[in-house]
Amino acid sequence: MHDLAKDKPVEKSLNPFSTKDFALKRRDGFIRTLLRLATYFILACAGFIFADIIIKGAPVVFESSFPFVNTKFFTESPETLVVFDTADGESHQLDFSDYSQFKRDNPDMKIIEEHTHSYSGGGILGPLVGTALLTLICIVVALFIGLTTSIYLNEYSSKGRFMDMVRLAIMNLAGVPSIVYGLFGLGLFCLVAPVIVDAPNDRALFSFPILPGKYLSFEGWGTCMMAGGFTLAVMILPVIIAACEESLKAIPMGFREASLALGATKWQTISKAVLPYAFPGMLTASILGITRVAGETAPIMFTAALAHKDVLPWEGANSLGGFFSQSVQAMPYHIYTVAARIPQSEYTKPMQYGSVFVFMILVMCFAALSIWMRIHYRKKVKW
Amino acid sequence: MSDTNKQKSGGKKSKVAESFRKKGFQIFGLGAQDFIRFFFGGNASLAIIILILICVFLAREGIMFFPDHHKGLKSYRLAGQELVDYVGEEIDAHTSLYSAANVAYYAEVNRTSQEEDTILRAYRSVLANVENMTKKTWGRLEAWQEEKEDLEDELEDLLEDKEKLTEAAAAPAAAANDANADQAADTNESEDSAAKLAEVNKEIAAVEARMKELDAEIELLSEKLKKEVNVAIASDEAWDLGVGADQPPADSIDEIKEAVLFEAHPDADEEHAFIVEVKERSKEKKAKAAEELTGFKDTVKGIQAAVRPIRSYHSDLKKIAVENKREIEKFSTAPERRKALLEGAENTEDPEDKQEMLDRANAVDITEPEYDKINAPIYERVPEHEKLAADLKAETEKLYAALPEVSELETKSARESFGRAEVYNERFQNRVEENTEKVKEWRHDKNLSIFESATAFIFGKNWITNSSWHDFYGLLPLLSGSLLISIIALVVAVPFAVAAAVYVNQVAPYGEQNFVKPAIEFIEAIPSVVLGFFGILVFGETLRNVSQVEWLSWVPGFPMAERLTILNAGLLLAFMAIPTIFTLAEDALNNVPGALTENSLAMGASKLQTVFRVIVPTALSGIIAAVLLGFGRIVGETMVVLLVAGNKIKIPDFTEGLGVVAQPAHTMTGIIAQELGEVDEGSLHWRALFIVGMVLFCISLAVNFTAQKVLKKFQKI
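Everything numeric here is computed off the predicted structure, so don't read it as measured data.

**Comments concerning the packing of helix α21 (residues 594-602) of chain B against helix α22 (residues 607-618) of chain B**
Residues and elements named next belong to chain B.
- Across the interface, α21 lies against α22 with an axial gap of 10 Å and an inter-helix angle of 145 degrees. Helix-helix and strand crossings are classified by hand; for α21 and α22 the assignment is right-handed. Contacts from L596, T597, S600 and L601 in α21 reach K607, T610, V614, I615 and T618 in α22.
- Looking at side-chain class alone, the contact of α21 with α22 contains four nonpolar, four polar and one charged residues.

Written out as structure tokens, the structure is:
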């Protein structure tokens with residue numbers, strides 16, 4: 001495009017209808033169309049992916065009769081699916097527990113062509129709950145540390161080389177691959193993080209008594225939702241810090257100066273004159289964080305996720321510590337399992353598409369919310 | 001703390017006065033404001049410490065890899081395995097040459113019987129398809145037949161019982177005449193057996209009735225099966241012959257159908273006459289073609305035979321090296337075993353056990369093996385190698401020259417194979433020359449520096465784990481896969497993303513901007529596992545089908561045989577990178593000062609001339625930064641490559657030129673995700689994976705840092 005224009009320098013002509021200008025216009029139009037095509041091609045690809053998943057996924061989740069939603073899909077955890085024909089020529093698809101019941105009910109029935117498909121039966125309650133818990137832990141931790149850090153960086157710290165370096169480091173860490181965060185989480189939270197135990201493990205890095213009969217032992221939390229949530233939190237920490245700082249920076253200096261001039265203390269200034277106006281931006285940042293965290297698989301692969309679990313988190317724990325120190329199923333990991341780790345067949349399809357559909361809709365809702373909020377507040381806030 | 005503040009600020013005293021007032025609440029001269037400051041400062045340092053810890057923990061788990069790896073490589077050398085692998089490399093190089101020639105030969109031989117082979121292939125796949133489609137009826141029929149067989153067995157047993165009972169019933173009756181004394185009991189018995197007999201008779205009747213029923217069912221079902229097969233064979237699905245298969249000639253289709261129908265019948269044991277005939281014909285033609293190509297065949301066979309002496313030499317050496325390796329391993333684990341035994345002895349109460357354990361601990365041989373001695377048998381045979389290798393080389397050279405000219409070959413695939421063979425031949429010759437030197441100079445006690453072992457990791461061509469011979473940890477296969485996929489993704493993503501950014505920022509009307517921009521940003525939120533899922537289930541298949549289209553066969557790598565390839569992963573990653581590049585590039589375009597645009601327009605340049613000659617060049621460094629950050633995102637992406645790249649640990653074969661994109665590969669991110677869950681904590685393999693993580697970390701830091709630098713430069717304009 002560049003060269004074409006270079007080869008034939010446009011001569012200034014007084015006649016606006018001269019052919020050369022016309023050629024230029026045509027070329028302009030051609031390039032415009034090309035650019036537009038490229039843009040809409042991207043959107044078409046996205047549309048195709050959405051359409052494919054929605055068309056194949058929606059029938060699993062919705063039903064034509066009341067209550068219009070496949071309740072079983074949302075109230076059960078993944079199970080093995082058994083597909084078999086009985087001697088009377090009927091084919092059945094039952095979850096493993098139903099299958100055992102069926103066999104007990106019909107002891108004489110001859111079963112032909114029995115196939116099992118792991119993780120293809122039941123529903124997605126377990127993974128949904130797991131993802132929600134992981135996201136919750138992560139957001140609580142990341143927002144607490146991220147917010148305070150950004151407030152310190154923007155409001156308290158003195159400007160200088162050191163702080164610039166810190167900022168640069170944070171920016172750089174935002175681009176580190178998520179799997180590296182997974183390795184880090186495994187190394188720190190699963191294997192070294194401190195716990196209070198009655199007797200320290202041999203594996204512990206070091207340990208010392210804090211109370212009679214209690215030790216603080218650096219032996220790690222093991223594979224559990226705490227470790228996963230913290231790993232995810234560390235992963236989005238740079239993003240949250242950067243976003244929160246951005247929204248703090250957007251508050252005009254005059255607000256602070258006016259507040260201080262009126263005799264307010266530093267903290268009063270921050271809490272009354274800065275934070276309320278930065279709040280929408282921070283909310284947007286946290287929702288963006290949720291979007292990213294909920295979709296991540298790599299960091300939780302070794303730190304928290306489990307392919308199969310019979311009980312829901314609150315059924316298996318008897319104390320608060322026990323609740324957080326169990327591993328969970330998670331939606332992205334569940335999708336990875338059903339997509340790549342089990343043999344494919346037509347019977348695994350509903351589970352695959354159903355989970356992907358629900359998961360995508362959930363993440364997309366958060367994403368849409370954050371994009372909408374950003375646009376909305378950008379329009380609204382004017383100073 | 002905030003509560004105290006609120007109370008204060010809500011108090012009756014005026015705020016102005018408050019700030020001049022002496023602070024009431026103080027510890028060690030620090031007021032509430034200082035504590036708030038420390039609270040925030042503390043959290044900030046916590047965040048920074050955590051982020052520093054990332055490096056510390058990656059290093060903590062990973063850094064021990066280098067000494068361990070060094071030790072492993074040292075024992076590899078001490079055991080003589082290194083030398084054996086030199087010989088092995090020669091053999092491998094020779095084998096690829098031979099197989100290329102062999103493929104060419106068979107392509108030539110099969111050329112004449114292509115028609116028959118196509119028919120046979122089509123027949124087989126149609127039969128498999130039809131069987132698959134009618135699986136259900138088929139299964140039921142088989143179940144019935146099984147039941148029928150069971151019933152037949154049962155009937156046999158029952159008939160035997162019946163015979164016995166009839167005899168038993170007859171015997172007492174005969175005996176009764178001889179001995180009247182036990183009559184009462186006998187009568188009882190015979191009554192008993194009569195009842196049993198009746199029962200058995202009843203059962204027999206029941207079984208026979210069931211068998212009749214079954215026969216009827218089977219009759220019905222086989223009718224049904226026949227019908228279903230008829231329907232199935234008429235469908236297109238049955239004629240889906242698989243990837244890259246040729247269609248059989250039109251006149252044979254009916255016969256294939258007939259043969260399939262014949263085969264689908266439950267009683268069919270033999271093959272249909274047509275198929276037998278075609279097989280016969282194909283065989284004949286092949287034999288004839290082979291006769292014509294005897295010279296070629298002998299040459300190929302000669303090539304295969306030439307490697308035999310060196311192969312047996314190699315396996316002899318290998319045996320010695322394996323023995324050596326065992327010795328060395330025994331030595332290296334000896335202190336640990338001894339320690340474990342001593343500890344066990346300490347913890348046992350029983351004095352006898354204790355004594356036994358102590359004895360065993362003392363018996364553990366902790367003397368270092370004499371490397372000179374264990375390697376002596378290898379050295380003894382080293383001189384043989386030169387002659388063997390030279391022979392092999394000369395022989396192969398001679399035979400290679402004896403191969404037919406490329407122009408004599410008639411099939412395309414044979415010609416292609418010859419092209420490969422030429423490359424392989426050259427490689428083989430070089431390999432032999434190089435390795436002859438290496439073998440001559442090889443010393444088991446040659447010093448191995450830590451630097452050498454580090455290079456063996458970074459430039460190692462193999463990543464082989466859990467092998468009984470030696471575990472190799474070489475980064476190159478993973479790095480090349482990662483880079484190749486990223487480059488493809490970038491090549492595809494950059495034009496689209498930049499074009500979209502230019503369009504949205506400069507060309508599109510306002511309303512369109514407000515729709516397109518959020519829509520593209522929305523793509524960024526698609527979770528990577530969802531994209532990977534899409535790639536594995538939908539896109540892979542679509543891509544392969546597209547690659548089969550005839551008029552696209554000029555595209556390198558097409559038609560593709562695999563679903564999960566570098567190209568598939570690259571295209572999906574391109575889609576993932578587009579929003580990142582788009583957003584940042586659009587920002588860069590947005591930041592171009594308006595004065596530049598206005599000046600250009602005022603000079604009479606058209607809108608697009610302004611865009612491409614003023615705005616884009618000005619924003620170029622911003623766009624480059626965007627591309628770099630997009631690259632960072634692609635290189636670090638895990639789930640998509642894990643799911644769709646094919647996960648084959650091998651350096652992509654670049655002899656195919658751009659066709660390399662149709663191969664599967666493995667990546668650095670993928671290997672961590674795939675293998676870390678399965679290795680022991682603290683093992684060499686585990687540490688190797690952490691080091692791979694460190695390499696990734698460094699790459700992404702470098703990319704991000706460069707991008708920041710470029711951006712800074714851009715901001716100065």
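**A look at the packing of aromatic side chains**
- Taken as a whole and assessed by the stated rule, the structure comprises 32 aromatic pairs over all chains.
- With 5.4 Å between their ring centres and 50 degrees between their planes, A:F84 and A:F102 make a pair best called tilted. Residue A:F84 is found in strand β1 (residues 78-86), and its partner A:F102 is found in helix α4 (residues 96-105); the two are separated by 18 residues along the sequence. Judged on exposure class, the residue A:F84 and its partner A:F102 are both buried.
- Among the aromatic side chains, those forming a connected cluster through ring pairs are A:F144, A:Y152, A:Y156, A:W267, B:F39 and B:F40.
- Over the aromatic face of B:W469 sits the side chain of B:K318, whose NZ or CZ is 5.1 Å from the ring centroid.

**Some points on the confidence of the model for chain B**
- Summarising the model, chain B shows a mean pLDDT of 82, and 91% of its residues fall at 70 or more.
- Across residues 1-13 of chain B the pLDDT falls below 50, and counting only partners more than four positions away or on other chains, this stretch makes 14 contacts in the model.

**Describing the sheet that holds strand β4 (residues 195-197) of chain A**
All names here are of chain A.
- Strand order in the open sheet formed by three strands is β4-β6-β5, and the pairing between neighbours is antiparallel. What marks the edges here is a single partner per strand, and that holds for β4 and β5 (207-211). Averaged over neighbouring strand pairs, the angle between their axes works out to 35 degrees when direction is ignored.
- For β4 and strand β6 (residues 214-217), the ladder comprises three bridges, and the chain directions are antiparallel. What sits directly across from V197, in β6, is Y215.

**Overview of the pairing of β6(A)**
Residue and element names in this part refer to chain A.
- The sheet contact formed by β5 and β6 spans four bridges and is antiparallel. Counted as the bridge partner of S207 is S217 from β6.
- Linking two consecutive strands that pair antiparallel, namely β5 and β6, is a turn of two residues; a positive phi of about 80 degrees is found at G213 within it.

**Some points on the domain arrangement of chain B**
Residues and elements named next belong to chain B.
- Each assigned domain of chain B is listed here: domain 1 (66-111 + 305-473), domain 2 (114-292) and domain 3 (490-716).
- Taking the mean C-alpha position of each, domain 1 and domain 3 sit 40 Å from one another.
- Taken residue by residue, the interface counts eleven residues in domain 1 and 13 residues in domain 3.
- At the junction of domain 1 and domain 3, the tally comes to one salt bridge.
- A salt bridge links D68 to R687, with the nearest nitrogen and oxygen atoms 3.6 Å apart.

What counts and how
Residues numbered from 1 in each chain as written. Chains lettered and ligands numbered in written order. Predicted model: local features only at pLDDT ≥ 70, side-chain atom pairs only at ≥ 80, totals over all residues. Heavy atoms only, no water. Axes fitted to C-alpha atoms, helices over the stretch in contact; angles between N-to-C directions. Helix = DSSP H or I, 4+ residues; strand = E, 2+ residues; numbered from the N terminus. Left-handed = near helix turned anticlockwise from the far one by under 90°. Contact = heavy atoms within 4.5 Å. Nonpolar A, V, L, I, M, F, W, Y, C, P; charged D, E, K, R; others polar. Phe/Tyr/Trp six-rings, centres within 6.5 Å; stacked < 30°, edge-to-face > 60°. Buried < 20%, exposed > 50% of the residue type's maximum accessible area, 1.4 Å probe, protein only. Lys NZ or Arg CZ within 6 Å of the ring centre and 35° of its normal. pLDDT = per-residue confidence, 0-100. Pairing = 2+ DSSP bridges. Domains from an automatic or database assignment. Salt bridge = Lys/Arg side-chain N within 4 Å of Asp/Glu carboxyl O.

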